[in-house]
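Each chain, letter by letter, is given below.
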Amino acid sequence: MIKLIAKNRYFILFCISVIYAFSLLVFSLDIPILEHHSFRQTQTAIISWYMSSPSDLVYTPLPIFGPPWSLNQELPIFQYLVKVISVYAGLDTLQGLQNVGRSLSWVFLLLTLVPIYYLSKLHSIDRDDFFIFSSLYLSAPLYVFFSTSFAIESTALFVSMTFLFFFNRYLIYRKTLTLILFSFFLSLSLLIKVTTATPFLLLILFIYIIHIYKDEFDFRVFTRLAIASLIPIIVLILWKNHADSIAVSSILTEDLSSSSHIMKEWIFGTIDDRININIYVKVFARILLYSSPGLLIIILVSLFFNYKKLIKVSSYIDKSTLLLISIFLLIFITIFTFPKLHYIHDYYQYSIGIFAIFFISVLLHKLKSDIKLFLVALSILFNILAFFYHPISDSFYTKRFDYIGSDKQISFEKISSIIIENTGIDDLVISSGFDGWSSELAFFTKRKFLINWPHAFDKRLSEYKRLGLVSNINLAIICNSSLPGMSNESISLSEIKNMDKYFNLKKFYHYKDDVNVCDFYRVEK
């Protein structure tokens, strides 16, 4: 019995990590997706809610900006799968949809291990090393949190890891079907989330450079790979043009086209962002704490026990050292490409945190077994502790479970109930100031919203009138708590003055608590 346990010790740690990740999913079910990054989760969820046919994959419904009530950004495959599953499983309620979204995200967390497993077999990586990596991955705070959220991150990672596998397989076996599958999954990856695909594209470039350095250059292989890679890029360009044509068809959404200055600066940042050392420090610190908090412990323990005596002497050492350098460069270049996205939103590290986990796995591989098991178990323990405790800000546990019964929940439910009680299901609601352009209220009230920004308020109001939407708008809500650095009174007066040009407003409710300050107006015909 003891020998059996010793033989399967890393598999046992893997099973513990699976149980831990699954338990977090179970405890997360039935919690409203108003937790950390609620704006992103509700935007993903509202797309699922309003999907009704496969055509919605091409014309993505997003009922918060006005006609054409569509905005294509990423290809919404995850959202469509959630909708289909929720309908056929009889879970087509708001809460049922949320539970399906969280569960499917978790399923893709596990599915990502499938291409990783076949990659490990392809390169003759030891079974124990696969279980070590998988255990660290399934217990990492970054992955268990966002893979139990209503988010597309795990789907995007699965697809990216799959095209990485087929690329590696083609380099070895040179099969046409493998090449076709590589091109297909690369296309899918770019369409689902290009920011997740980017580090994997860099990785296959590194792999190919090493490949032609080691082996003789084969022009035929190069040509076939170039064509297989060019097709997804063409597909991405066609998708971008299609998405932009929808965005620029209305002044209500033109600022959200990929060609607009606002979106370009948001996606790619500025020169100042790229040379801002604080961005790199913060993002690398997040990666360390959220995906590999045990890394420093592993390095310190290794040094304490005299690392040179612990490493396995083999040709793998040189290769792995080169691999570690490549991983660091890959992470750095990805942040350099999208500095603002990675700095502002921690879920963007989902695409690169996995390389930090691989970094740890390579370090552990180089250790002898007498210390390796201890360090793997210690790393899993640190992963779990890092989910529940953060030394500087709120932990992932706090960001999810502290919402229940909080002032934010009470405030949101009250505001939602006022909207539902004073509108019909087909009425339009015009809003400003409630958490920017979030879909939170639109999703939980099941109403179409016309969301506004202060800098474009008057322009958007005149467009509503031109489109004949005024007759369908029955409620106006102005919340000032989400506009930091501005006087609540001056904003309210300014926006009401603008609204008075187009609507006959009658204030009927003033709501104020420690979270939100909102005024509600009936739009009288």
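Below is a short write-up of the structure.

Cut-off values and rules
- Residues numbered from 1 in each chain as written.
- Predicted model: local features only at pLDDT ≥ 70, side-chain atom pairs only at ≥ 80, totals over all residues.
- Heavy atoms only, no water.
- Helix = DSSP H or I, 4+ residues; strand = E, 2+ residues; numbered from the N terminus.
- Buried < 20%, exposed > 50% of the residue type's maximum accessible area, 1.4 Å probe, protein only.
- Contact = heavy atoms within 4.5 Å.
- Patch = residues over 30% accessible without salt bridge, like charges linked within 9 Å, V, L, I, M, F, W, Y side chains within 5 Å.
- Areas by Shrake-Rupley, 256 points an atom, 1.4 Å probe, with all protein chains shown as cover.
- Salt bridge = Lys/Arg side-chain N within 4 Å of Asp/Glu carboxyl O.
- Pairing = 2+ DSSP bridges.
- Core = buried A, V, L, I, M, F, W, Y, C linked by side-chain atoms within 4.5 Å.
- Polar contact = N/O pair within 3.5 Å; in protein donor to acceptor, adjacent residues only side chain to side chain.

## Considerations on the overall build of the chain
Then comes step 1: When you go through the chain residue by residue, the secondary structure sums to 26 helices and five strands.
Then comes step 2: Looking at the chain as a whole, 55% of its 525 residues are labelled buried.
Then comes step 3: Partitioning the contacts of the chain with sequence separation of at least 6, the portion at a separation of at least 24 is 76%.

## Looking at a nonpolar patch on the surface
Then comes step 1: On the surface, a cluster of nonpolar side chains totalling about 580 Å² of accessible area is made up of M1, L4, I5, F11, I12 and I16.
Then comes step 2: Those elements giving two or more residues to the nonpolar patch turn out to be α1 (2-7) and α2 (9-28).
Then comes step 3: The element that contributes the greatest number of residues to the nonpolar patch is α2, accounting for three residues.
Then comes step 4: Within the fold, F11 resides in helix α2.
Then comes step 5: What makes F11 partly exposed here is its relative accessible area of 32%.

## Regarding the pairing of strand β2 (residues 448-452)
Then comes step 1: Across the five residues that make up β2, a large majority, four, are buried.
Then comes step 2: Alignment of strand β1 (residues 428-432) against β2, held across five bridges, turns out to be parallel. Directly across from S432, in β2, lies its bridge partner N452.

## Observations regarding the environment of D426
Then comes step 1: You can see D426 is positioned in the loop between α23 (407-421) and β1.
Then comes step 2: Each C-alpha atom of the pair D426 and N472 lies 8.2 Å from the other, and the pair is 46 residues apart in sequence.

## Notes on the nonpolar core
Then comes step 1: Judged by nonpolar contacts, the single largest core of 132 residues is most densely connected at Y137, Y143, F182 and I354.
Then comes step 2: Per element, the largest residue contribution to this core is 12 residues, and it comes from helix α9 (residues 153-173).
Then comes step 3: Here Y143 is in contact with L109, Y137, L157, S291, Q349, Y350, I352, G353, I354 and I357, once residues within four sequence places are set aside.
Then comes step 4: L469, I473, Y521 and V523 belong to the second-largest nonpolar core, a separate cluster that totals 18 residues.

## Details of the side chain of Q43
Then comes step 1: Mapped onto the elements, Q43 comes out in helix α3 (residues 38-50).
Then comes step 2: A relative accessible area of 7% means that Q43 is categorised as buried.
Then comes step 3: Looking at Q43, its side chain comes within polar contact range of the side chain of Q73, at 3.1 Å.

## Thoughts on the pairing of strand β4 (residues 504-512)
Side chains on a regular strand alternate between the two faces of the sheet.
Then comes step 1: When β4 meets strand β5 (residues 517-524), the two strands line up antiparallel, connected through eight bridges. Counted as the bridge partner of K507 is Y521 from β5.
Then comes step 2: Counted along the chain from β4 to the antiparallel partner β5, the turn is four residues long.

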